[in-house]
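Letter by letter, the chains look like this.
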Amino acid sequence: MAKIKLEYIWLDGYFPTQNMRSKTKVEEHENFQGTIEELGMWSFDGSSTKQASGGSSDCLLKPVAIYPDPARINGYLVMTEVLNADGTPHVSNGRATIEDEDNDFWFGFEQEYFIMDTKTQLPLGFPIGGYPAPQGMYYCSVGGKNTHGRLLVEKHADLCIDAGLNFEGINQEVASGQWEFQLFAKGAKQAGDEIWIARYLLDRLTEQYGYYIDYHPKPLGKDMDWNGSGMHANFSNTTLRTCGSQEVYEKICEAFRPVVKEHIAVYGEFNDQRLTGDHETASINDFSYGVSDRGASIRIPIITVEKGWKGWLEDRRPASNGDPYKIAGRIIKTVKSADL
């Protein structure tokens, strides 16, 4: 019999921006295979996470995905859904609302974020009481003058890969101390699971460096002339991957036009500060799409056109602090509503 550490991870009830919570269960197992079927439900005090009242505080944690924890001996990361005491999905449970049981929808998320120094409360590379050189030389840079935080970012990439996530890349972004990682999954729920696990690994790693991660889409203020942080959502289904029709693509894009408010409502808090029409964004009040257009709400990648209108679309509006479950769920609902 071996003792294993199971880190149960869930999303709390804060609104509109949820936070990750976690706690460790130590269990004895013989020949543990690391599967969901081997895990049991657990409970927590929902009154401490804005998910229940003190008089009836128990909420349930239902394991939905498990990954090896590369930072722990005999450790596993367990992503869970929050259920009410009667076993029904909690109102804060965005994962349970995704309509993609056959995993026909594929998602590639591009998670941008700022690495912040806990002492200065500023992004890496920012001097106290001033500003670094203007953005321009930081994007995909190399060298100590313009590149800040690489040790953390490289370690995070290794942890994600060792955990078995479908981790696809990293790069420094346009502003000083701003980075991005990319994840891809076949199935909206798995895509959301992996983003949350990757965020968990990143946040936990910062504890060793004296940093913290700021997912605010405009952490330097809405009036500052620096790019904000998004979480671009690349998505496809069988239709987009195989139709070979510009008309079909345009009909799917047009399905997004009448539900702009519904999308913005779940695309992240403070996104109005980022979606101004500047800094490679469309205005939050407009809707547009175009081939290779990074200033549009939805970009049609040039490779999709070159392959005969077979590929994917990129919704550039989601903010870096958005919930990938809710973002994917809303995109799926809109794509399915297209009149084809």
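Residues numbered from 1 in each chain as written. Predicted model: local features only at pLDDT ≥ 70, side-chain atom pairs only at ≥ 80, totals over all residues. Heavy atoms only, no water.

Taking an unreviewed UniProt entry as the reference, the protein is identified by name as glutamine synthetase belonging to Polaribacter porphyrae. As recorded by UniProt, the Catalytic activity (unreviewed entry) comment attached to the protein reads in full: "L-glutamate + NH4(+) + ATP = L-glutamine + ADP + phosphate + H(+)". The heading Subcellular location (unreviewed entry) in the UniProt record of the protein holds the text "Cytoplasm". (UniProt positions renumbered as here; feature names shortened; annotations may be inferred.)

Asks: So what about a nonpolar patch on the surface? Which residues, and what values?
Replies: A cluster of nonpolar side chains, namely V291, I302, I303 and W312, defines an oily patch on the protein surface of about 300 Å² accessible area. Take I303: it is sitting in helix 6 (residues 302-306). Here I303 falls in the partly exposed class, since its relative accessible area comes to 34%. (Patch = residues over 30% accessible without salt bridge, like charges linked within 9 Å, V, L, I, M, F, W, Y side chains within 5 Å. Areas by Shrake-Rupley, 256 points an atom, 1.4 Å probe, with all protein chains shown as cover. Salt bridge = Lys/Arg side-chain N within 4 Å of Asp/Glu carboxyl O. Helix = DSSP H or I, 4+ residues; strand = E, 2+ residues; numbered from the N terminus. Buried < 20%, exposed > 50% of the residue type's maximum accessible area, 1.4 Å probe, protein only.)

Asks: Outline the packing of aromatic side chains, supporting the account with residue identities and numerical values.
Replies: A full pass over the atoms with the stated rule returns 15 aromatic pairs. The interplanar angle of 75 degrees and the centroid separation of 6.4 Å between the aromatic rings of F126 and Y131 together place this pair among those described as edge-to-face. Classification of F126 as buried rests on a relative accessible area of 8%. One aromatic cluster is present, built from ring pairs that chain together F107, F109, F235 and F256. Over the face of the ring belonging to W106 we find K186, whose NZ or CZ atom lies 4.5 Å from the ring centre. One residue, R199, lies across the ring of W196, its end atom 4.5 Å from the ring centre. (Phe/Tyr/Trp six-rings, centres within 6.5 Å; stacked < 30°, edge-to-face > 60°. Lys NZ or Arg CZ within 6 Å of the ring centre and 35° of its normal.)

Asks: Describe the nonpolar core, and please don't skip the residues or the numbers.
Replies: Grouped together as the largest cluster of nonpolar side chains are 65 residues, with contacts concentrated most on M79, F107, F109, Y113, L313 and I331. By residue number, the principal contributor to this core is helix 2 (residues 188-206), which donates 10 residues. Per-domain counts for this core show at least three residues from each of domain 1 (2-93) and domain 2 (106-337). Ignoring sequence-local partners within four residues, the contact set of F107 consists of L183, F184, A185, A188, A191, N234, F235, A328, I331 and I332. One finds Y8, L39, I66 and Y76 within the second-largest nonpolar core, a separate group that totals 13 residues. (Core = buried A, V, L, I, M, F, W, Y, C linked by side-chain atoms within 4.5 Å. Domains from an automatic or database assignment. Contact = heavy atoms within 4.5 Å.)

Asks: Quick one: what's the story with the domain arrangement of the protein, residue by residue and with numbers?
Replies: Segmentation of the protein into domains returns domain 1 (2-93) and domain 2 (106-337). For domain 1 versus domain 2, the distance between C-alpha centres works out to 26 Å. If you look at the interface, domain 1 gives 17 residues, while domain 2 gives 19 residues. Of the roughly 1600 Å² buried where domain 1 meets domain 2, counting both sides, 66% is carbon and sulfur surface. (Buried area = accessible area lost by both parts, 1.4 Å probe.)

Asks: Provide a residue-level description of helix 1 (residues 150-162), including the pertinent values.
Replies: The end-to-end C-alpha separation of helix 1 is 18 Å, in line with the 18 Å expected for 13 residues at 1.5 Å each. Among the residues of helix 1, L152, V153, H156, A157, L159 and C160 are the ones counted as buried. Taken down its axis, helix 1 places every buried residue within 165 degrees of arc, on the same side. With respect to the buried face of helix 1, the exposed residues turned more than 90 degrees away are L151 and D162. Directly beyond the C-terminal end of helix 1, a positive phi value near 90 degrees is found at G164. (Expected span 1.5 Å × (residues − 1). Arc of directions from axis to C-beta.)

Asks: How would you summarise the pattern of salt bridges if you had to cite specific residues and measurements?
Replies: Taken as a whole and judged by the stated rule, the model has 14 salt bridges. For D193, the salt bridge is made with R95, and the minimal N-O distance between the two is 2.9 Å. Taken as a pair, D193 in helix 2 and R95 in the loop between strand 5 (75-83) and strand 6 (106-117) lie far apart in primary sequence, 98 residues in all. For the residue pair D193 and R95, the accessibility class agrees, reading buried in each case.

Asks: Would you mind going over the pairing of strand 8 (residues 178-186) in detail, with residue names and values included?
Replies: Burial analysis of strand 8 places seven of its nine residues in the buried class, the great majority of the element. One ladder, built from nine bridges, connects strand 6 with strand 8; its direction is antiparallel. Paired with F107 across the two strands is A185, which belongs to strand 8. In this structure, the hairpin formed by strand 7 (residues 167-172) and strand 8 is closed by a connection of five residues, where G177 is found at a positive phi of approximately 80 degrees. (Pairing = 2+ DSSP bridges.)

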